[in-house]
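Summary of structural features
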Amino acid sequence: MNLQKQIAVMCALSICLILVSVTEAAAQDRSNSGWYVSGGLGGNLVYGLDQVGSNTETTCYPTSACFDLVIRDIPGYRWRYDPSTDRGIGFDAAVGRVFDRTRLEVSFAHRRNKVDQGPPLEITYLDGSSAGASSYLGLGLVQAAATNFFEDLVTRTVSLNAYYDLPFGPQRITPYVGVGTGVAFVELTRIFFSIEYSDPSGSGTVFDPPLSFYNSKQDTRLSDTVFAGHVYAGADYSLGDRTAVGLKMAYSRVDDVEHIGTYEYHPYFETDPTLTNKNTFSATNQWSVTLNVRVLFGN
């Protein structure tokens, strides 16, 4: 099931819970209803962050077979990475209303995870054909030194959530389930890539253009706004009539994010100084566990 269908199902469930809440609210005494604020702090994990990027340059690089062995038209380049994420931390805050066993709230959540981009899994031409390597040119050995890394993945969500308190559990402990949907503001705080070409053979070979002509660098950040869907489960322990503390587990599905990036310098700038690249990061599965405090106020 794709993300849009998942979100549609979650919205339908949320609407059902809203209707239940309205019905129950009409039937219950006002003492069973009230406004509340809540806040939580905890850890999270992110899975499924795949990266696919491309540009439309036609440069043939000194480490490619086309440079001295095969003459061909280059439609552009495509690359693929499999980044990994560390365990992260986050917090959330919400304001909502209790209708007996049902709660409705608007929440804000913030998650931050360190990202390791890792080496590329694949680099091809834009048409999918292999970008063959040939480091020996007959005139000298050419090497490419590449540096690429990410910094932090930051996910901020604003969501409408609905919860239902399950009618069982030990005294003072209330288990619950919930669903939610909203928007996610996704940011990669830094995307860095640079590559430098050199001839370490010491042969004194003169290249025209010089190898430094082929160097490139990108240092930017990503931000995008996408849909997100959530499923919750947890349990609250009542500290009194108006205060509860508990653990909440959440699963969130955050949609694909896209980024159009520019270079600081690039060999293709002589042909097209506006050259950009496009990177798409796949939808992610995010799991979190938070320690939450909820306080009722008013009626």
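Residues numbered from 1 in each chain as written. Predicted model: local features only at pLDDT ≥ 70, side-chain atom pairs only at ≥ 80, totals over all residues. Heavy atoms only, no water.

Remarks on the packing of aromatic side chains
Tallied over the entire structure, the rule returns 12 aromatic pairs. Judged by centre distance (5.7 Å) and plane angle (65 degrees), the rings of Phe 150 and Phe 281 are edge-to-face. With Phe 150 in strand β8 (residues 143-150) and Phe 281 in strand β14 (residues 276-281), this residue pair connects regions lying 131 residues apart in the sequence. What makes Phe 150 buried here is its relative accessible area of 4%. For the ring pair Tyr 163 and Tyr 232, a centre distance of 5.3 Å and an interplane angle of 40 degrees mean the geometry is tilted. Taken as a pair, Tyr 163 in strand β9 (residues 152-165) and Tyr 232 in strand β11 (residues 216-238) lie far apart in primary sequence, 69 residues in all. In this structure an aromatic cluster arises from ring pairing among Tyr 61, Tyr 77, Tyr 125, Tyr 197, Phe 213 and Tyr 214. The ring centre of Tyr 176 lies 4.8 Å from the NZ or CZ of Arg 103, which sits over that ring. (Phe/Tyr/Trp six-rings, centres within 6.5 Å; stacked < 30°, edge-to-face > 60°. Helix = DSSP H or I, 4+ residues; strand = E, 2+ residues; numbered from the N terminus. Buried < 20%, exposed > 50% of the residue type's maximum accessible area, 1.4 Å probe, protein only. Lys NZ or Arg CZ within 6 Å of the ring centre and 35° of its normal.)

Some points on the environment of Tyr 176
By secondary structure assignment, the location of Tyr 176 is in strand β10 (residues 173-198). You can call Tyr 176 buried: its relative accessible area is 5%. In sequence terms Tyr 176 and Ala 235 are 59 residues apart; their C-alpha atoms lie 5.9 Å from each other. Leave out the neighbours within four places in its chain, and Tyr 176 touches Arg 103, Tyr 163, Tyr 164, Asp 165, Leu 166, Tyr 232, Ala 233, Gly 234, Ala 235, Asp 236, Leu 247 and Lys 248. (Contact = heavy atoms within 4.5 Å.)

Let's talk about the pattern of salt bridges
Applying the stated criterion across every chain, the model contains 12 salt bridges. Between Glu 187 and Arg 221 there is a salt bridge, and its shortest N-O distance comes to 2.9 Å. One end of the pair, Glu 187, is in strand β10; the other, Arg 221, is in strand β11, with 34 residues separating them in the sequence. Exposure remark for Glu 187: the relative accessible area of 14% places this residue in the buried category. For Asp 219, the salt bridge is made with Arg 190, and the minimal N-O distance between the two is 2.8 Å. Taken together, the residues Asp 219 in strand β11 and Arg 190 in strand β10 connect sequence positions 29 residues apart. (Salt bridge = Lys/Arg side-chain N within 4 Å of Asp/Glu carboxyl O.)

Quick word on the nonpolar core
Counting 17 residues, the largest nonpolar core has Ile 74, Tyr 77 and Tyr 197 as its most contacted members. Contributions of two or more residues to this core are made by β3 (77-81) and β10. Of the residues forming this core, the biggest block, three residues, is contributed by β3. Look past the residues within four positions of Tyr 197 in its chain and what remains in contact with it is Tyr 61, Pro 62, Thr 63, Val 142, Gln 143, Ala 144, Leu 211, Tyr 214 and Asn 215. In terms of nonpolar packing, the next biggest core, distinct from the first, is built from 15 residues, Val 46, Phe 150, Leu 222 and Ala 228 among them. (Core = buried A, V, L, I, M, F, W, Y, C linked by side-chain atoms within 4.5 Å.)

Focus on the confidence of the model for the protein
Residues at a pLDDT of 70 or more form 84% of the protein, whose mean pLDDT is 87. Note on residues 21-31: pLDDT under 50 across the span, and 11 contacts to partners over four residues away in sequence or across chains. (pLDDT = per-residue confidence, 0-100.)

Remarks on unusual backbone geometry
The linkage connecting Asp 208 with the following residue, Pro 209, adopts the cis geometry, with an omega of 5 degrees. With respect to the helices, strands and loops of the structure, Pro 209 is situated in the loop between β10 and β11. Phi at Arg 172 takes a positive value of approximately 75 degrees, unusual for a residue other than glycine.

Describing a nonpolar patch on the surface
On the surface, Trp 35, Val 37, Val 95, Val 106, Val 158, Leu 160, Phe 185, Val 293, Val 295 and Phe 297 cluster together to form a nonpolar patch covering roughly 780 Å² of accessible area. Secondary structure elements with two or more residues in the nonpolar patch: β1 (33-47), β9 and β15 (284-297). Per-element tally for the nonpolar patch: the top contributor is β15, with three residues. As for its placement among the helices and strands, Val 37 is situated in strand β1. (Patch = residues over 30% accessible without salt bridge, like charges linked within 9 Å, V, L, I, M, F, W, Y side chains within 5 Å. Areas by Shrake-Rupley, 256 points an atom, 1.4 Å probe, with all protein chains shown as cover.)

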